[in-house]
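# Results of the structural survey
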Amino acid sequence: MNIRLLAKRNIQGNAQRYLAYFFSIVLSVSIFFIYASFIFHPDVVHADIPGGKLISRGLIAAEIVIIIFSVFFIAYSNAAFIQPRKKEFGLLTLLGMSKSQLRKLIYLEQTMVSLISILIGVGLGFLFSKLFLMAISWLLAVEQPISFVFVPEAFIYTIVGFILLFQLLSLLSLFQIGNAEVVDLLKDKQKPKKTPFVSTWLVALSTVCLSISYYLAGTMSLNNSYIRVLPIVFFVLIGTYFLFSQSIVALCSRLYRKKKSLYGGTNLITQTNLIFNIKDYSRLFFLTSIITAVILTAAGTLFMFSADLKKQGMDNIPQSIGWIENDASVYSVIEPSAVENTLKEDGFKILYEINMTGVPITHMLPHMRTGEPNENRSLLISESDYNNAAALRKIEPTKLSGKEALYIFPYGGLDYQFVHKGEQKELHFGNGTIQVTMIGQRNQSIVAPIKAATTLMVVDDQLYHEITADVPLKEMARVRGYEVKDWEESMETSSEIEQMSNNHNQLQTRAPIYQEMKQGSILILFIGLFVSLLFFIVQGSMMYLRVFTNLEDKKIQIHALHRLGLTKKEIRQILSAEIRILFFAPFLIGVIHAIVAYVALSNLLESNLFVYSSMVIATYFLFQLLYYQVTKKMYERAVINSIK
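In this report, we go over the structure that sits alongside the text. What you see is a predicted model, and the numbers here were worked out from it, not measured in a lab. (Residues numbered from 1 in each chain as written. Predicted model: local features only at pLDDT ≥ 70, side-chain atom pairs only at ≥ 80, totals over all residues. Heavy atoms only, no water.)

Turning our attention to the environment of Asp460. Looking at where Asp460 falls in the secondary structure, it is placed in the loop between strand E7 (456-459) and helix H16 (461-468). Look at Asp460 and you get buried, because its relative accessible area is 15%. Placed 58 residues apart in sequence, Asp460 and Gly402 show a C-alpha to C-alpha distance of 6.6 Å. Aside from chain neighbours lying at most four places away, what touches Asp460 is Glu383, Leu400, Ser401, Gly402 and Glu404. (Helix = DSSP H or I, 4+ residues; strand = E, 2+ residues; numbered from the N terminus. Buried < 20%, exposed > 50% of the residue type's maximum accessible area, 1.4 Å probe, protein only. Contact = heavy atoms within 4.5 Å.)

This is the structure:
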């Protein structure tokens, strides 16, 4: 018997414990290799693939996330593997193994597992990289599919990178053995557990932190989101940590004092185990709840953004074809008849058209960041023209009188108030100036937001006619637009119209922009789902590892309870309750965090995302339930089969 053979047999003996860890590492390596194969693909490097560089940057970001996540997971797993084996290490030391030999044994075990994981992960990644390239080719709609080639850089970066990562973390984990004496290693598991200490102040701190983070997220808007993101993350992390390490302990202690429920069925054993293990579980609960929140928020955001993309396109680009003529007396950008004929020839039905004139004006507005007044341009239009366009867009009309005015800002996601009700504002047009009273601001788009028509100033019809009476048509601007049925299919027609125009900067077509955004969002969703899947497997593996870490202790406890008269049915109830708490307590908190994030996202997008968020949470729950059932069956079988 030598140390190498002993390490091999230890791995074989702990195969059930290593299973989830091994699977997670293989998946991490496989995804990393697949992404690297695309990043270093010759066609991507030489920019032969349209959009390849953009995807490459996204994949590089995903690679960094995988590495960072792998560091935490491997470090946690190494610690979890060493802790329950201290008695085994004490026996080996008692039999004459030195500390250096013991460290060598642990190092060899972790190195063997890591090398096998890396090799299998790279092999699977190489096999599935062809499918990944086919999927990317389909999503990019390239004429020639991306070829499947051998990419040496992917092998080098994946194998060398993960070997270095494992070696570094393995060496760091050896310090856990430290200089502990043999008796300490042998009796580590026999040390009695104390009742967890609860601090009222820390319980209050967790409540305050979570309340602050939820308030900041629930009232977040587009213009203050960049300021609030970091504070929200900070308060969520602090609040969640003390929620599990203090608040949940306080709740369990309160339940423990309710004797009626405590003595019902197997509650005494379940609640006693929970209250004495909750301190050990708190770190795992914290990590897995945060991971759950990250997965749900990231996957939900990507899915909701993709599903809501058509509405966003129609909100921000009001007509399928739209343009502005700086000189309202002529058509210098494109002739309307040319647009109409092209649409009809290609079989597209025109639902409605926009044709309005306005006067370019200047006025002072506050700067979003500094609040300092700056000169801005808008297009002055009449109330009738606005209400006619609003009716076509199914937007509430406005009612003005006298010298009242309404400011129209085209981007709904930004709730910054440039003007306020009752504010007096001077409008400058040509050599004239007029003072109006603002009735407020609307963040919506009714015509193509291009050049002078990016923002609009709406005034009463009579006032508009007074202002424009002496303004020649050539000094006015004209806004034209056509809404088309089935506009999503008008890519080629839109391109043809763009080629016919004399000024591309003053013409806007919705289909090409929508298709580009749709393609990009699908690609991001495709990449994000891989990373989310990895996160899900890893957090499930952490729970699996925690369950099987205390397997031997649980066998001893259950064997003693069985001898006292507990049936196998009651034992299954105890085991199921413990695993259920382990899987679904952090899941519940993670879901609450994600729901708050969905509310914030709904406010930013100005959309009701309840259906989309419910679908994401339900899908995640089903996967979590499946993982729970598999773990429970394996755990029950391992424990109950030990009962004689």
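Continuing now.
Let us now look at the layout of surface pockets. Its volume calculated, the second largest pocket comes out at about 690 Å³. Lining the second largest pocket are 23 residues, and of these Ile232, Val233, Ala293, Thr297 and Ala597 lie nearest its centre. Those elements that place two or more of their residues in the lining of the second largest pocket are helix H9 (200-218), helix H10 (225-256), helix H12 (267-307) and helix H20 (568-605). Among the residues forming the lining of the second largest pocket, the class breakdown is 19 nonpolar, four polar and no charged. (1 Å grid on protein atoms, 1.4 Å probe; cavity = no way out; pocket = protein on both sides within 12 Å on 5 of 7 lines; lining within 4 Å. Points joined across faces, edges and corners; volume = space filled by probe spheres on them. Nonpolar A, V, L, I, M, F, W, Y, C, P; charged D, E, K, R; others polar.)

Moving on: the pairing of E7. What you see with E7 is no split at all: Leu456 and Val458 on one side and Met457 and Val459 on the other are buried throughout. Where strand E3 (residues 373-382) lies against E7, four bridges are found, and the strand directions are parallel. Residue pairing in the sheet places Ile381 in a bridge with Val458 of E7. With four bridges joining them, strand E4 (residues 404-409) and E7 adopt antiparallel strand pairing. If you follow Ile408 over to E7, its bridge partner there is Leu456. (Pairing = 2+ DSSP bridges.)

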